[in-house]
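Fold and contact review
So you can see what is in the structure, the chains are spelled out below.
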Amino acid sequence: MLKQIEGSQAVAETIGLCRPEVICAYPITPQTHIVEGLGALVRKGTITNCEYINVESEFAALSVAIGASAGGARSYTATASQGLLFMAEAVYNASGLGLPIVMTIGNRAIGAPINIWNDHSDSMSMRDSGWIQLYAETNQEAMDLHIQAFRIAEEVGCPVMVCMDGFILTHAYERVDLPRQEQVDAFLPPYEPMQVLDPSDPVSIGAMVGPEAFAEVRYLAHYKQMRALERIPEISAEFRDRFGRDSGGLVHTYKTEDADTIVVALGSVNGTIKDVVDEMRLDGKTIGSLSICSFRPFPLERLREVLSPAKQIIVIEKNLAVGMGGILSANIRMALRGLVQPVTTCIAGLGGRPITKKSLHEMFEKTMADEIEDTHFLDLDWEIIRRELDREKADRRSGPIAENILKDIGKRLEE
Amino acid sequence: MFQIRFHGRGGQGVVTAAEMLSVAAFLEGKYAQAFPSFGSERMGAPVISYCRIDTKEIRLREPIGEPDAVIIQDPTLLNSVDVFAGIKEDRYLLFNSKQSYQELGIADFILNFIPERVGCVPATELALEHVGRPVPNAALLGGLAAITGIIQVDSVVRAVREKFSGPVAEANIVVVNEAFNMTKKLLNGGG
């Protein structure tokens, strides 16, 4: 059914259709509307046979989900930013134990300085935790990915994070097609645990493992993700057959067939990038774009296949590996190992800085003209940076950076 | 694509206004995207929200820098926020005020705009009278329908029914229709 609703509400209603049995809720912006929406659906009786648990922290949220999942219940939670960091130990435990929990990340920056706005620092910090990570381009895809996430998680025996851009998607009203319960039921069978804590047939889960077997257990986690690499596109194809639209899979390509330049990104910024691609195509530029849906497992071979005919790759990324540069671009270079195409990193949208068509257009033009450095920071305010660096040079006790910069910006606005 | 930017203060339903407008456009079979300025919304703090309307899927995710219409829910913002940023003179302006443009201090500024594309509605007063709360958003959507035609007033009424229910919905519908009629009359030289 077509609806014009908020992204968070759309995701909440979709999770409801997946028949979760345990939902662990703890609020943190910009994810809060999702668990609030789910709370209302459980209270109204729209979601039945479900335990909605208000926990005392994010650490508790995921710990309860781990217990519930090990007890044989389909388990769900959601978080963002510092919340994800606070549950970090449990994040690794959930995947280490092979429990098919689904968790939404309403992507948000990590402090300090404290910032509630969108970037990918939070989910990126957990990229190697053993969870599958899927990134949504639109609210429709965010919904569809949750339905697929439960399928993938429960088939493979591995938890899945569905990452959706905080505010940009979570708080956006747009048109979505909400599936019918029968459709979801036909696609997503009841949860059949691979391992379960059952008093009538006792086992223990979570043994201590020494050097004699730790590497083997870890290898099997990697093996599972390699299996997921095959299953993710198959499940996406099955989803298309049943629901009639393309959602999920490993990557989405846009006008890449003849493209000399391909722009790669994760999440909602791909919409803006496609608009820029269309503008530049009108000017005769052979440019295309590629949106990565499955970041973990990382589709090295599929990326190599799409990217290797291009002459140049631009990676737009909403995160910064401080002291190194871009995380996604490092991964892309791995996909292109042995090849000669330049991969330009463009760090953009940190802490909610808008990524505009205009800035992207200029950046792409400059990169194509070879006028841009390997690691470029989009729309960086160099004047403000110079002022702070000068201040630090002049005075050892120049004060806290964030506060200094805010004062400078305030002064500039007054002028 | 038609892009609308709303300026108001926390508590004035600025975000709800953009959301309701997107619902109204959706009900007409159009594509629409509404989103807030993503601030920490506090009572009284300046808030911006956005709505895009198009006949095809909207992929763009940036804030609206060059709006086709600006709606100013609180004219006291005229002194503190650059509410007119990026607006061209052939585009639309709608103010919530019972004061004249002279009293608002913008008489000279709006001279450059097309008179039929500039509207002013006493939206807070209408809301206080019918809804009992100073929430000007519904009235301004009625005004927007009148000056732009981008949305039918009936669609705004249907959107109000989706967002609210019972007496609150009915009171807001009275406000929408009254604001629409007042604005139309004003544009036809009746004010």
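Everything quoted here is computed from the prediction, not taken from an experiment.

About the thresholds
- Residues numbered from 1 in each chain as written.
- Chains lettered and ligands numbered in written order.
- Predicted model: local features only at pLDDT ≥ 70, side-chain atom pairs only at ≥ 80, totals over all residues.
- Pairing = 2+ DSSP bridges.
- Helix = DSSP H or I, 4+ residues; strand = E, 2+ residues; numbered from the N terminus.
- Axes fitted to C-alpha atoms, helices over the stretch in contact; angles between N-to-C directions.
- Contact = placed C-beta atoms within 7 Å.
- Nonpolar A, V, L, I, M, F, W, Y, C, P; charged D, E, K, R; others polar.
- Expected span 1.5 Å × (residues − 1).
- Bend = angle between axes of the 7 residues up to and from the residue.
- Buried ≥ 20, exposed ≤ 12 C-beta atoms within 10 Å, placed from the backbone.
- Core = buried A, V, L, I, M, F, W, Y, C linked by C-beta atoms within 7 Å.

**Section: the sheet that holds strand β3 (residues 51-54) of chain A**
Residue and element names in this part refer to chain A. Reading across the sheet, the seven strands line up as β3-β2-β4-β5-β7-β6-β12 and stay open at both edges, with mixed pairing between neighbours. At either end of the open sheet lies a strand with only one pairing partner, and these are β3 and β12 (294-296). Across this sheet, the average inter-strand angle for adjacent strands is 20°, counted without regard to direction. With three bridges connecting them, strand β2 (residues 22-25) and strand β4 (residues 75-79) associate as parallel partners. Within β4, the residue paired with C24 across the bridge is T77. Here helix α2 (residues 32-44) sits on the sheet in contact with β2, β3, β4 and β5 (102-107), set at roughly 135° to β2.

**Considering the interface of chain B and chain A**
Interfaces are often sized by the accessible area lost when the parts come together. With 17 residues of chain B at the interface, the matching set in chain A holds 21 residues. Breaking the side of chain B that touches chain A down by element, the ones donating at least two residues are α1 (14-27) and β2 (31-36) of chain B. Among the elements that make up the side of chain B that touches chain A, the one with the highest residue count is β2 of chain B (six residues). In the side of chain B that touches chain A, the residues fall into ten nonpolar, three polar and four charged. Judged from the two bridges that link them, strand β8 (residues 173-177) of chain A and β2 of chain B form a sheet pairing that is antiparallel. Looking at the pairing, E174 of chain A lines up with Q33 of chain B of β2 of chain B.

**Examining the sheet that holds β8 of chain A**
Sheet strands pair by backbone hydrogen bonding; their relative direction is either parallel or antiparallel. The eight strands lie next to each other as β1(A)-β8(A)-β2(B)-β3(B)-β1(B)-β4(B)-β5(B)-β6(B), forming an open sheet whose pairing is mixed. Two strands close off the open sheet at either side, each with one partner strand: β1 (2-6) of chain A together with β6 (118-121) of chain B. Strand after strand, the sheet turns through a mean of 20° between neighbouring axes, direction not considered. Where α1 of chain B meets the sheet, its contacts fall on β1 and β8 of chain A together with β1 (2-9), β2 and β3 (46-54) of chain B, and the angle it forms with β3 of chain B comes to roughly 10°.

**Things to note about helix α9 (residues 214-243) of chain A**
All names here are of chain A. Its 30 residues give α9 an end-to-end C-alpha distance of 41 Å, which sits within 8% of 44 Å, the value for a rise of 1.5 Å per residue. If you look at α9, its biggest bend is around 30°, right at E230, and the proline P233 turns up within four residues after that. Listed in full, the buried residues belonging to α9 are A228, L229, I232, I235, S236 and F239. In this structure, the buried side of α9 is in contact with β6 (132-135), α7 (139-156), α8 (181-187) and β12. G244, located one to two residues past α9, shows a positive phi value of around 75°.

**Some points on the nonpolar core**
Of all hydrophobic cores here, the largest spans 176 residues; its most connected members are V162 of chain A together with L21 and V176 of chain B. The element contributing the most residues to this core is α1 of chain B, with eleven residues. In this structure, V162 of chain A is in contact with V102, T104, L134, A136, A142, L145, H146 and A149 of chain A, ignoring residues within four places of it in sequence.

**Considerations on the environment of A179 of chain B**
All names here are of chain B. Mapped onto the elements, A179 comes out in helix α7 (residues 166-187). Separated by 33 residues in sequence, A179 and A146 place their C-alpha atoms 8.5 Å apart. Those residues in contact with A179 that lie beyond four places of it in its chain are V121, A123, L126, A139, G142 and G143.

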